[in-house]
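The lines below spell out each chain.
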Amino acid sequence: MDMVQIDQVRQFNRTVTERVGVLHDHYLGRDRPLGEARLLWEIGEEGQDVRQLRERLALDSGYVSRLLRSLEADGLVTVEPQPRDKRVRTIRLTDAGRAERAVLDGRSDELAGSLLEPLNTAQRARLTAAMAEVERLLTAATVTLDAVDPDHPDAQHCLRSYFAEIQERFETGFDPARSLLPDAGELRPPRGLFLVARLHGEPVGCAGLKLPPGAPAEIKRMWVAPRTRGLGLGRRFLTELETQAAQRGRDVLRLDTNKALAAAIGLYHSSGFQEVAAFNDEPYAHHWFEKRIGTSPFG
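Quantities reported herein were computed from a predicted structural model and do not represent experimental measurements.

Draft legend 1. Here's a closer look at helix α5 (residues 95-116). When the terminal C-alpha atoms of α5 are compared, their 32 Å separation across 22 residues agrees well with the 32 Å that a helix rising 1.5 Å per residue should span. Within the sequence span of α5, burial applies to Gly-97, Glu-100, Arg-101, Leu-104 and Leu-111. Take α5 and look down its axis: the buried residues cluster within an arc of 100°, on one side only. Exposed residues on α5 whose side chains face more than 90 degrees from its buried face are Asp-95, Asp-109 and Glu-110.

Structure (structure tokens):
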């Protein structure tokens, strides 16, 4: 890790926390810290599942409970168990909570304006563009990749979303019964693995790796949710699957794709994959790719 970059990140953090006023317990001049104010923003008009709220903000359950008790004591929120499952709790804003959030919104606008006001037009454009880029990169760094069983609910959610998308994008539509879909056993160790990407605890992408004996490794069913495209997840999936295949003694990595997936084809070319002759009878494939990833013989 580059220590110059580490120092820059730390300096950035210090500057931002000082400038936006999060170093004291009266955020935006109200009688509560940033943590409580952020919860009021995140709850929204429809309310939130407490567990999902905790995962989204990556907060300890005990800390969230203390924040909620404080907001309840002030009459700003209600926390109620769901009738079907008492372990699941839903948090909602009261009328007083909505009024408090409206005050916070107004003061947040004033704070944002105070950051921009001293700058000229060109500087404001540079600052807001830089903020958008920082937000995008920080979001990308928040995404986790986890190996899961292909029957896991998050894996199934991603696969259903993937099939629905390619049904719309392929010229001929998509019928899973016609495709050379790997069965779940082919994507479980030791015959393979299946990765799910999660953002704030929600599944936003997947990719599978087949490891057939005596043959090259093969990438299957790589998909990234539209809302997280542009975060580099496709390239991150490729890098991780390449690493996993090499660690298992494979020196060739293969994949096939449909001509409608132009962005994916561009990604494969830029990631070092070369087009090769068809190596399977996948009816939905128009392009076949291969990449040499090591010197070990197939295991």
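Draft legend 2. Structural view of the state of the cysteines. Under the counting rule described, the total for this entry stands at zero disulfides. Cys-158 takes part in no disulfide bond, and the closest cysteine sulfur to it belongs to Cys-206, at a distance of 4.7 Å.

Draft legend 3. Region of the structure containing unusual backbone geometry. Cis geometry is adopted by the peptide bond preceding Pro-190, which originates at Pro-189 and carries an omega value of 5°. By the element assignment, Pro-190 lies in the loop between α7 (153-169) and β5 (192-199). One non-glycine residue, His-200, adopts positive backbone phi at about 55°. As for its position among the elements, His-200 is in the loop between β5 and β6 (202-210).

Draft legend 4. Quick look at the packing of helix α2 (residues 34-43) against helix α4 (residues 61-73). Where α2 contacts α4, the two axes come as close as 10 Å, and the packing angle between them is 80°. Classed by the angle they form, the pair α2 and α4 counts as roughly perpendicular. On the side of α2, the interface is formed by Gly-35, Glu-36, Leu-39 and Leu-40, while α4 contributes Tyr-63, Leu-67, Leu-68, Ser-70 and Leu-71. Taken together, the residues of the contact of α2 with α4 break down into six nonpolar, two polar and one charged.

Draft legend 5. The packing of helix α8 (residues 233-247) against helix α9 (residues 262-270), seen in detail. Between α8 and α9, the least distance of the axes is 11 Å, while the angle of their chain directions is 45°. The angle between α8 and α9 falls in the class oblique. Here α8 and α9 pass one another in a crossing that is right-handed. Judged by residue contacts, Gly-234, Arg-235 and Leu-238 of α8 engage Leu-267, Tyr-268 and Ser-270 from α9. Residues that form the contact of α8 with α9 fall into these classes: three nonpolar, two polar and one charged.

Draft legend 6. Spotlight on a nonpolar patch on the surface. On the surface, Met-1, Met-3 and Ile-6 cluster together into a nonpolar patch covering about 380 Å² of accessible area. Looking at where Met-3 falls in the secondary structure, it is placed in helix α1 (residues 3-19).

Draft legend 7. Structural detail: the nonpolar core. Phe-194, Leu-209, Ile-219, Met-222, Leu-238, Leu-253 and Phe-273 are the most contacted members of the largest nonpolar core, which totals 44 residues. Sorting the residues of this core by element identifies α7, β5, β6, β7 (217-224), α8, β8 (252-257) and α9 as the ones contributing at least two each. Here this core gets six residues from one element, more than from any other, and that element is β5. Other than its neighbours up to four places away in sequence, Phe-273 contacts Ile-219, Leu-238, Leu-253, Leu-255, Tyr-268, Phe-289, Glu-290 and Lys-291. Counting residues in hydrophobic clusters, the runner-up holds 20 residues, among them Tyr-27, Val-77, Leu-93 and Leu-104.

Draft legend 8. Summary view of the pattern of salt bridges. For the structure shown, the criterion picks out 24 salt bridges. As a salt-bridge pair, Arg-32 and Asp-74 come within 3.0 Å of each other at their nearest N and O atoms. Taken together, the residues span a long stretch of sequence, with Arg-32 in the loop between α1 and α2 and Asp-74 in the loop between α4 and β2 (77-82) at a distance of 42 residues. The partner of Arg-188 in a salt bridge is Asp-149, and the shortest N-O contact between them spans 2.5 Å. In this pair, Arg-188 sits in the loop between α7 and β5 while Asp-149 sits in the loop between β4 (144-147) and α7, placing the two residues 39 residues apart along the sequence. It is possible to trace a salt-bridge network through shared partners that takes in Arg-30, Arg-32, Glu-36, Asp-74 and Glu-100.

Calculation notes
- Residues numbered from 1 in each chain as written.
- Predicted model: local features only at pLDDT ≥ 70, side-chain atom pairs only at ≥ 80, totals over all residues.
- Heavy atoms only, no water.
- Helix = DSSP H or I, 4+ residues; strand = E, 2+ residues; numbered from the N terminus.
- Expected span 1.5 Å × (residues − 1).
- Buried < 20%, exposed > 50% of the residue type's maximum accessible area, 1.4 Å probe, protein only.
- Arc of directions from axis to C-beta.
- Disulfide = S-S within 2.5 Å.
- Axes fitted to C-alpha atoms, helices over the stretch in contact; angles between N-to-C directions.
- Parallel < 35°, antiparallel > 145°, perpendicular 65-115°, else oblique.
- Contact = heavy atoms within 4.5 Å.
- Nonpolar A, V, L, I, M, F, W, Y, C, P; charged D, E, K, R; others polar.
- Left-handed = near helix turned anticlockwise from the far one by under 90°.
- Patch = residues over 30% accessible without salt bridge, like charges linked within 9 Å, V, L, I, M, F, W, Y side chains within 5 Å.
- Areas by Shrake-Rupley, 256 points an atom, 1.4 Å probe, with all protein chains shown as cover.
- Salt bridge = Lys/Arg side-chain N within 4 Å of Asp/Glu carboxyl O.
- Core = buried A, V, L, I, M, F, W, Y, C linked by side-chain atoms within 4.5 Å.

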